[in-house]
Amino acid sequence: MNAEQLRTLVEEKLTSIGVQAEDARTGDDGQWMLLRNETPIYIDAWEDRESTPWNYFVFQQDPSVFQVTVPFCYGPTLKRSEFLEELLVVNLNLLNAKFSFNSNDNVVVLSARISGSSLGGLDLAATIDGLCYYGEMAYHVLKDEFNLKRVLSEEG
C-alpha cells in the first residue's frame, strides 16, 4: 500500500468513528490528532523508505505503517529505572498496545503500530479505547509510587 492510499484509508476509518478527518489533520501529511477529555491521541501513517532489522520481514510486501499513540505521562525523575522496568513487565499483559519511552521529550506513550495493509481489518475505535483504558489504569496504579505527571493536550 502506498502512502496516499494509506492516508485515504485512515480518513475513512476516522469518518467511520464519527471524526471529521479534515478537522483532525495536523497540517502535516499523514498526521492527525484527536482529543479524549484532555488526552491527545496522535495518529500517523507513513511509508518507510528503507528496511531496517526491525521491519525486514514485512518491508518488501508492505512498507506502509499505521500508528496510534497516546501520551501516558512524563518520565519520573525519581525511581526512573524502576518505573521503566515496571512498564516492561506490564507490556507482557497488554493486548494490541505497548509502552514506549521517548527520552528526547521525556514522555512515556502507549501505542499500537501495524502495517498499512492491516488497517482495513483494524477496529480503530477499539484500538483507541484500549490505549486510553491502559493509560488511565496504569496512571492510577502507578501515579503515587512514581509521582507521575500526565501529558495533557495543551502540553502534548
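Residues numbered from 1 in each chain as written. Predicted model: local features only at pLDDT ≥ 70, side-chain atom pairs only at ≥ 80, totals over all residues. Heavy atoms only, no water.

Caption draft 1: The arrangement of the nonpolar core in detail. Ranked by internal contacts, the top residues of the largest apolar core, which has 35 residues, are Val10, Phe72 and Phe83. Elements supplying a minimum of two residues to this core: helix H1 (3-16), helix H2 (21-24), strand E1 (31-36), strand E2 (39-47), strand E3 (64-74), helix H4 (80-91), strand E5 (107-115) and helix H5 (124-146). If one sorts the elements of this core by residue count, H5 sits on top with nine residues. The residues contacting Phe72, other than those within four sequence positions of it, are Phe83, Leu87, Phe99, Val108, Val109, Gly135, Ala138, Tyr139, Leu148, Arg150 and Val151. (Core = buried A, V, L, I, M, F, W, Y, C linked by side-chain atoms within 4.5 Å. Buried < 20%, exposed > 50% of the residue type's maximum accessible area, 1.4 Å probe, protein only. Helix = DSSP H or I, 4+ residues; strand = E, 2+ residues; numbered from the N terminus. Contact = heavy atoms within 4.5 Å.)

Caption draft 2: Highlighting the packing of aromatic side chains. Inspection of the entire model under this criterion finds three aromatic pairs. Plain terms: the ring middles of Phe72 and Phe99 are 5.2 Å apart, the flat faces sit at 65° to each other, and that makes the pair edge-to-face. Here Phe72 is found in strand E3, whereas its partner Phe99 is found in strand E4 (residues 98-102), with 27 residues between them in sequence. Using a relative accessible area of 7% as the deciding quantity, one classes Phe99 as buried. Plain terms: the ring middles of Tyr133 and Tyr134 are 5.8 Å apart, the flat faces sit at 55° to each other, and that makes the pair tilted. Residue classification places Tyr134 among the buried positions, given a relative accessible area of 13%. (Phe/Tyr/Trp six-rings, centres within 6.5 Å; stacked < 30°, edge-to-face > 60°.)

Caption draft 3: Expanded view of H5. Over its 23 residues, H5 extends 31 Å from the first C-alpha to the last, a length consistent with the 33 Å expected when each residue adds 1.5 Å. Most pronounced at His140, the bend in H5 amounts to some 35°. Along H5, the residues that are buried comprise Leu124, Thr127, Ile128, Leu131, Cys132, Tyr134, Gly135, Ala138, Tyr139, Leu142 and Phe146. The residue sitting at the N-terminus of H5 and contributing the capping side-chain oxygen is Asp123; that oxygen lies 3.3 Å from the backbone nitrogen of Ala125. Backbone geometry just after H5 places Asn147 at a positive phi near 50°. (Expected span 1.5 Å × (residues − 1). Bend = angle between axes of the 7 residues up to and from the residue. Polar contact = N/O pair within 3.5 Å; in protein donor to acceptor, adjacent residues only side chain to side chain.)

Caption draft 4: Focus on the environment of Asn106. Within the secondary structure, Asn106 is located in the loop between E4 and E5. As for Asn106 and Tyr74, which are separated by 32 residues in sequence, their C-alpha atoms are 5.6 Å apart. Ignoring any residue separated from it by four or fewer positions in sequence, one finds Asn106 in contact with Cys73, Tyr74, Gly75, Arg80 and Phe101. Within the local environment of Asn106, its side chain forms a polar contact with the side chain of Arg80, the two groups lying 2.9 Å apart.

Caption draft 5: Region of interest: a nonpolar patch on the surface. The grouping of Tyr133, Met137 and Val141 at the surface amounts to a nonpolar patch, some 320 Å² of accessible area in total. Among the secondary structure elements, Tyr133 is positioned in helix H5. (Patch = residues over 30% accessible without salt bridge, like charges linked within 9 Å, V, L, I, M, F, W, Y side chains within 5 Å. Areas by Shrake-Rupley, 256 points an atom, 1.4 Å probe, with all protein chains shown as cover. Salt bridge = Lys/Arg side-chain N within 4 Å of Asp/Glu carboxyl O.)

Caption draft 6: Molecular detail of the pairing of E5. With seven of nine residues buried, E5 lies mostly within the body of the structure. Here E3 pairs with E5 via nine bridges, running antiparallel. Each residue of the ladder has a partner; that of Thr69, found in E5, is Ser111. One ladder, built from five bridges, connects E4 with E5; its direction is antiparallel. By the bridge assignment for E5, Ser100 is matched with Val109. (Pairing = 2+ DSSP bridges.)

Caption draft 7: Geometry of the sheet that holds E3. Pairing in this open sheet of five strands is antiparallel, and the strands run E1-E2-E3-E5-E4 from one edge to the other. Each edge of the sheet is formed by a strand with only one pairing partner; in this case those strands are E1 and E4. Geometrically, the sheet is characterised by an average inter-axis angle of 30° between neighbouring strands, direction not taken into account. Across the sheet, H5 touches E1, E2, E3, E4 and E5, and the angle it forms with E3 is around 25°. (Axes fitted to C-alpha atoms, helices over the stretch in contact; angles between N-to-C directions.)

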